[in-house]
Amino acid sequence: VVASGRVGIVATSGPGAQEAAVLLDRFGVGVSRCLVTGARDLSDEVGAASTRAAIARMADDPGTDALVLVAEGFSARGAEAALAALGACGKPASACLLGAESMPAPDGVDVHGVIDQAVVAAARRAGARPVIPAAEPTGWVSAGHVRGIFSGSALCAEAASILAARLGRVVSNSPAGAAEHLDPATWCVATPASTSRLSPPRTARPIRCWIRRVVPT
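Rules behind the numbers
Residues numbered from 1 in each chain as written. Predicted model: local features only at pLDDT ≥ 70, side-chain atom pairs only at ≥ 80, totals over all residues. Heavy atoms only, no water. Buried < 20%, exposed > 50% of the residue type's maximum accessible area, 1.4 Å probe, protein only. Helix = DSSP H or I, 4+ residues; strand = E, 2+ residues; numbered from the N terminus. Pairing = 2+ DSSP bridges. Core = buried A, V, L, I, M, F, W, Y, C linked by side-chain atoms within 4.5 Å. Contact = heavy atoms within 4.5 Å. Axes fitted to C-alpha atoms, helices over the stretch in contact; angles between N-to-C directions.

Chemist: What is the right way to read the pairing of strand S3 (residues 66-71) from this model?
Modeler: Successive side chains on a regular strand alternate, one facing one side of the sheet and the next facing the other. Buried residues dominate S3, accounting for 6 of its 6 residues. Residue alternation in S3 divides its side chains into two sets, Ala-66, Val-68 and Val-70 and Leu-67, Leu-69 and Ala-71, and both sets are buried. Pairing of strand S1 (residues 4-11) with S3 involves 5 bridges; the strand directions are parallel. Among the inter-strand pairings, Ala-11 is bridged to a residue of S3, identified as Val-70. The pairing of S3 with strand S4 (residues 93-97) spans 5 bridges and is parallel.

Chemist: For this particular structure, what's the right way to read the environment of Asp-60?
Modeler: Position of Asp-60 among the secondary structure elements: in the loop between helix H2 (49-59) and S3. Taking C-alpha positions, Asp-60 is 9.5 Å from Gly-90, a pair spaced 30 residues apart along the chain.

Chemist: Explain the nonpolar core here, please?
Modeler: Note on soluble globular proteins: their nonpolar side chains tend to be buried together. Counting 25 residues, the largest nonpolar core has Ile-9, Leu-24, Val-29, Leu-98, Ile-115 and Val-119 as the members making the most contacts within it. Top contributing element to this core by residue count: helix H4 (residues 115-125), with 6 residues. Not counting chain neighbours up to four residues away, the residues in contact with Val-119 comprise Ala-20, Leu-23, Leu-24, Phe-27 and Val-68. Membership of the second largest hydrophobic core comes to 21 residues, among which are Val-10, Leu-42, Ala-93 and Ala-95.

Chemist: Can you help me understand the sheet that holds S4 in this one?
Modeler: Across a sheet, paired strands are connected by hydrogen bonds in the backbone, their directions being either parallel or antiparallel. Taken in spatial order, the 5 strands make up an open sheet running S2-S1-S3-S4-S5, and their pairing is parallel. Two strands close off the open sheet at either side, each with one partner strand: strand S2 (31-36) and strand S5 (109-112). The average angle at which neighbouring strand axes cross in this sheet is 20°, direction not considered. Where S1 and S2 come together, 5 bridges link them in parallel fashion. Paired with Val-10 across the bridge in S2 is Leu-35. Helix H1 (residues 14-26) rests against S1, S2 and S3 of the sheet, and its axis sits at about 160° to S1.

Quick look at the structure:
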């Protein structure tokens, strides 16, 4: 349970919405409304239809002072449509387009590549003064490999984007930013003692990080 507040969340996935809500609660801001549109909403085919409708509802809500959008797996056209709707909603807003740090945005909209930065920006636009965690320590990455298994695609994509900027080659079946897409044919290498097949793939190029979202079967 998170505290009620003045910032509305629009997200394309449940895990992304949950992280934004928890962070807003942690920063002492709280959540007014939270609407999840579905992972394909920011595709070319859908054109951000549900996201634009959700933003319109937030714009009409007197209990919402600012908005934050959390999106993954978007096309350029879908992202542009969503950002245009944020810019036209009449309320301050920020957006997390996972892995996209430099996408142009309308006036009054901040765009970030990770969720926490977008949440901080939305909290500030709502008039709050969130306490920012200490700066990331230097030298925390050492030689070796990182393997991650996630049950939600948003956090998987965010982790892949962050690590790809620091470690070099990162592969994932939910990539974002500089992370590479993991071919479904090489997702798994079966092990004799396991049917879950969660061993990292074997490829010609060295992989510094292997991050996989578990897909239910």
